[in-house]
Amino acid sequence: MTQAAGDEDDEDGDGERHITELVEQPAKVMRIGSMIRQLLEEVKAAPLDEASRNRLKDIHAASIKELETGLAPELVEELERLSLPFTEEGTPSEGELRIAQAQLVGWLEGLFHGIQTAIYAQQMASRAQLEQMRRALPAGHAGHAGHAPQPPTGMPNMPTPGGGEDDPAGSRGGMYL
C-alpha cells in the first residue's frame, strides 16, 4: 500500500502536516496574494494622502483576515506572529504601509515557493516509485509498462503472397489485411 507524502511526515514523530495540506483554499490565497502584490506596487508608485493610507490600512487588515480563512491553523499562527497590526491611533505613514505590504508579499512568496518545492518533491518521489515498480516487473512484462508497442522493422520489404520482394504491387498488397 502506498502512502501520501503528508502521511510520511506524521511517521517522523513531529506531527506536522505537509505544506500542500496547510493551504486549504489555494485559489483564494493566490488571488489575495496577487492583489496584495499589486497594492504594494501602487504604494511604491504614487504618494498617498491620509485618506488613501487609512484605506490601505483597512485593506491590509482585511486581506490578512481573508488569507487566514484559506490557511490551516499552523500557518494562521505563523502569519499572526509575523504580521504586526498597525496601531489604532493615527494614520500609518507611507513607509509603514510599504513595509507591512512588502512583509506580507514576502511571506506569501515564501509560502508559494514552499508549495512548489513540495509538489516537485512529490513528483520526484512518484517518478522514483514508478521506476522502482517498472524494474520489479518480470522481464516479459517490462515492455508493457507504459510503452506503446513498436511496429516491426522492415515490414514494407517483406514478401507477400501476391509477389516477390522486388514486386512493388506485391509488397504493398497484403500489408494491411
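Looking at an unreviewed UniProt entry, one finds the protein chain named Bacterial proteasome activator and attributed to Nocardioides cavernae. Here is the UniProt Sequence similarities (unreviewed entry) comment for the protein chain, exactly as written: "Belongs to the Bpa family."

Engineer: Before we go on, may I ask you to explain the overall build of the protein chain in this structure?
Structural biologist: Secondary structure assignment for the protein chain yields seven helices and zero strands. The secondary structure elements of the protein chain, listed N-terminal to C-terminal, are α-α-α-α-α-α-α. Relative to its full complement of 177 residues, the protein chain shows a buried share of 25%. Here the contacts in the protein chain between residues at least 6 apart in sequence split such that 70% fall between residues at least 24 apart. A total accessible area of about 12,400 Å² is found for the protein chain, and carbon and sulfur atoms account for 56% of it.

Engineer: Explain the pattern of salt bridges here, please?
Structural biologist: Close approach of charged atoms allows side chains with opposite charge to pair. One pass over the structure, following the stated rule, counts six salt bridges. Notably, a salt bridge pairs lysine 28 with glutamate 66, separated by 2.9 Å at the nearest N-O pair. Taken together, the positions of lysine 28 in helix 3 (residues 26–45) and glutamate 66 in helix 4 (residues 50–69) put the pair 38 residues apart, joining distant regions of the chain. Looking at glutamate 66, the relative accessible area reads 39%, which means it is partly exposed. A salt bridge links glutamate 131 to arginine 134; the shortest N-O distance between them is 3.9 Å. Of the two residues, glutamate 131 and arginine 134 are both situated in helix 6 (residues 94–136); the distance of three residues between them amounts to about one turn of the helix. Under the relative-accessibility criterion, glutamate 131 is labelled partly exposed at 34%.

Rules behind the numbers
- Residues numbered from 1 in each chain as written.
- Predicted model: local features only at pLDDT ≥ 70, side-chain atom pairs only at ≥ 80, totals over all residues.
- Heavy atoms only, no water.
- UniProt positions renumbered as here; feature names shortened; annotations may be inferred.
- Helix = DSSP H or I, 4+ residues; strand = E, 2+ residues; numbered from the N terminus.
- Buried < 20%, exposed > 50% of the residue type's maximum accessible area, 1.4 Å probe, protein only.
- Contact = heavy atoms within 4.5 Å.
- Areas by Shrake-Rupley, 256 points an atom, 1.4 Å probe, with all protein chains shown as cover.
- Salt bridge = Lys/Arg side-chain N within 4 Å of Asp/Glu carboxyl O.

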